Amino acid sequence: MSAHEHSPTRDAELRRRAIDGCDPSAAPDPAALLRSAEGLAVEGRAPEGEVLRRLADQARALGALPRPTPPRALDEAVLAPSFLAECVSEHASGVSTPTGPERANTESGDVSDLLRSLPRHAAPAVLDRLVAEELASPEAARARRFAGDLERQATPSSLWSRVARRAEPVAERSERAPGARPFVLRGTASWSLPGLAAAAALLLWLGGNPRGGLGSANASPEDSPELSFSWRHATAEELSPLAASFGMYHGVVPSRSNSGAPSANGGEGGSR
Amino acid sequence: MNSLRRLRRAPAGLRRAAAGFALTAIAFASCGPPGSDPTLEQMITAFQTAPEAVAHHGVRRVDATYVLDGQTERVSYTEEAWIAGDGRFHIVPKDVLELDGGLGAVGNVADFVSIQSAREGFIFRYRDFRVRDVAQIAGNYALSFVGQSTEFLGRAAWELAVSRTPLWQASTYVLVVDIETGLILKSTEYDKTGEIVSAMEYLSIDFDFDPDGAGIAWHQPENDETTIDLDLDPIQAASLLGFTPMLPSMLPEGYKLARTSVVYDEGGEPWLKAEYTDGVEVAFFLYGGPTAADVGTASTSPVHGLSTGSPIGQQLGGTGSVISWSEDPDPSQVLVYNAGAIRIVQGEVNAHEMIAVGKVQEFDLLRMLDTALPQ
């Protein structure tokens, strides 16, 4: 590649050399760039000189733009306190910070004074409550955050069927579609409070009815809520020894025979 | 209204207990009986430890009533109990007072005594009223004092009523409790209609006997029951059982898992035994694992813990004949048996053997089997 050919690498190199020759804290000096460009042209390096001439034109155009001062409130709103502290600490250590608000006189290096001059804002009340809840029970707070993001599953229709069957009187049960909802919950949102109270009273009455309703001990197999198997009442002889051993709390398998009137209790004289 | 009518027909003692229930919340939340310092909660905690921690020797009477197909059957006997206070115990039946209908099942009193002796461990742990979980009791039971403090066998005692909520569906225990030790000296169990279901009463008691000086043949477990923690060491559980343990996901209301262990049936096959409690009562779930579809017969099957071929094992049938399983049970059908207040459910469903037992509704036990099945 000849010295007069252009390439992205060469242009970048030229820009870097031009900038390196300038004070990094100051804006590029268009006049200096032009002088450098003329010098390169004299040396027979016109393409490089042309790059510097374009840089000079850019610098002249940018330098002609008006520079409004940003409002102080904008600086305060944009820059975080941690960044301010970083700026302050860098300034205190002598490192120049390319950006950052110019505040109090920093020549004295008094960081604490600078911090005290920072504006103070009261945290909103809700933030206090949220932080207190988090500190009181971090696990619960974490669970609430994650649980809220969980996908909500729909109740399986078989569960509604079970609830519906348990809430209905035995005599009034009828075939229900698996997806049907219990009657006490249907249209609940539109029920008035007396209606809900009546439904609750009905459920409580059903619970106290020994002949049926909720979980009756004498329910027949055909009245069973949804189960994945059939069942029937059995005799003691059909029980396995293991089942019988756990069920016979008093050690005796009750007989299905009836001895008639209860025998008189002769106290401890009844032994044989 | 139905509840009030039933209450008016209830025995007087139960009505007094029911009147005390109205003060349950106050009694449980505040203080003990008049003139005493311990709170009710402290008493309940003492009840929990007393059966095993209080050394004593005594004779007690046990009564039980079964209702089968509308027929009432009764059993009444006395037994002698030695409790060392350090976990050792020995319970021996003494006299059979009444076996109305039950003799037909057993054959003779000697066999009944043998059966009870073989069930010594089960009787000590599960037969009588016992506080198994204080927190569960607080959530599931209503407690109140019945009348003033009383005296029983020469000892100062309190009379308490403990009733499973909701009250109109509940069974009730009326307890006489030794104030000094917290030991229950008498308990009477009523069903929700006010009829007595079972009763235990000390006829004599001695708190000063020397457990190590009496030459007592303390109970020795005859099975190889091994407690396991399914959460802590599921691999150990699976290796002991030989199959993946299954537990029901839906339990009777108010029950929670208390303990899991491995037990063995008469054939030496392992079963997972899960013990649930509502604070007082116990419900069992046993899982025998997946099995082949065919089920054979088992003759001379003994009571759990007895040796094979014993005469007791041959007398467990209702007619005195040898117990045998149905030779061709419906593989999809579950059997339900009601022994008074206790219900037993057993079956092989989808080639999974399961048993559930407890003083709960049939549906609760059936649902335990249903929800333990692999989905």
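Scroll up to find the structure.
Right, let's walk through the structure included here.

What counts, and at which threshold
- Residues numbered from 1 in each chain as written.
- Chains lettered and ligands numbered in written order.
- Predicted model: local features only at pLDDT ≥ 70, side-chain atom pairs only at ≥ 80, totals over all residues.
- Heavy atoms only, no water.
- Helix = DSSP H or I, 4+ residues; strand = E, 2+ residues; numbered from the N terminus.
- Buried < 20%, exposed > 50% of the residue type's maximum accessible area, 1.4 Å probe, protein only.
- Contact = heavy atoms within 4.5 Å.
- Areas by Shrake-Rupley, 256 points an atom, 1.4 Å probe, with all protein chains shown as cover.
- Phe/Tyr/Trp six-rings, centres within 6.5 Å; stacked < 30°, edge-to-face > 60°.
- Lys NZ or Arg CZ within 6 Å of the ring centre and 35° of its normal.
- Core = buried A, V, L, I, M, F, W, Y, C linked by side-chain atoms within 4.5 Å.
- Pairing = 2+ DSSP bridges.
- Axes fitted to C-alpha atoms, helices over the stretch in contact; angles between N-to-C directions.

1. Topic: the overall build of chain B
Here is step 1: A tally of helices and strands in chain B yields ten helices and 16 strands.
Here is step 2: Residues counted as buried form 54% of the 375 residues belonging to chain B.
Here is step 3: Taking the intrachain contacts of chain B between residues at least 6 apart in sequence as the baseline, contacts between residues at least 24 apart amount to 54%.
Here is step 4: Element-wise, carbon and sulfur atoms account for 51% of the exposed surface of chain B, whose accessible area totals about 15,600 Å².

2. Some remarks on the overall build of chain A
Here is step 1: When helices and strands are tallied, chain A shows eleven helices and one strand.
Here is step 2: Taken from the N to the C terminus, the helices and strands of chain A come in the order α-α-α-α-α-α-α-α-α-α-β-α.
Here is step 3: Long-range pairs, those at least 24 residues apart, make up 35% of the contacts in chain A between residues at least 6 apart in sequence.

3. Topic: the packing of aromatic side chains
Here is step 1: In the structure shown here, the tally under the stated rule is eight aromatic pairs over all chains.
Here is step 2: Among the aromatic side chains, those forming a connected cluster through ring pairs are Phe-246 of chain A together with Phe-122, Tyr-126 and Phe-284 of chain B.
Here is step 3: Just above the ring of Phe-122 of chain B sits the side chain of Arg-119 of chain B; from NZ or CZ to the centre is 4.7 Å.
Here is step 4: Geometry around Phe-124 of chain B places Arg-130 of chain B over its ring, the cationic atom sitting 5.0 Å from the centre.

4. Describing the nonpolar core
Here is step 1: Counting 39 residues, the largest nonpolar core has Phe-284 and Leu-286 of chain B as its most contacted members.
Here is step 2: Those residues in contact with Leu-286 of chain B, other than ones at most four positions away along the chain, are Leu-242 and Phe-246 of chain A together with Val-263, Trp-271, Leu-272, Lys-273, Glu-353, Met-354 and Ile-355 of chain B.
Here is step 3: If you look at the next biggest cluster of nonpolar residues, it comprises 30 residues, including Tyr-287, Val-349, Phe-363 and Leu-366 of chain B.

5. Side note on the sheet that holds strand β10 (residues 226-228) of chain B
Here is step 1: Pairing is mixed in the open sheet, where eight strands are placed in the order β1(A)-β14(B)-β15(B)-β16(B)-β13(B)-β12(B)-β11(B)-β10(B). The outermost strands of the open sheet, each flanked by one partner alone, are β1 (230-233) of chain A together with β10 of chain B. In this sheet, adjacent strand axes meet at a mean angle of 20 degrees when their direction is disregarded.
Here is step 2: Running over the sheet, helix α10 (residues 362-372) of chain B touches β1 of chain A together with β12 (270-277), β13 (282-290), β14 (333-339), β15 (342-349) and β16 (352-358) of chain B and is turned about 150 degrees from β16 of chain B.

6. Quick notes on the pairing of β16 of chain B
Residue and element names in this part refer to chain B.
Here is step 1: Of all seven residues making up β16, seven are buried, and the element is well covered by its neighbours.
Here is step 2: The alternating pattern of β16 places His-352, Met-354, Ala-356 and Gly-358 on one face and Glu-353, Ile-355 and Val-357 on the opposite face, and all of these are buried.
Here is step 3: Bridge count for β15 against β16 is seven bridges, and the pairing is antiparallel. Among the inter-strand pairings, Gln-346 is bridged to a residue of β16, identified as Ile-355.
Here is step 4: The turn linking β15 back onto β16 is made up of two residues, and Asn-350 within it adopts a positive phi angle of 50 degrees.

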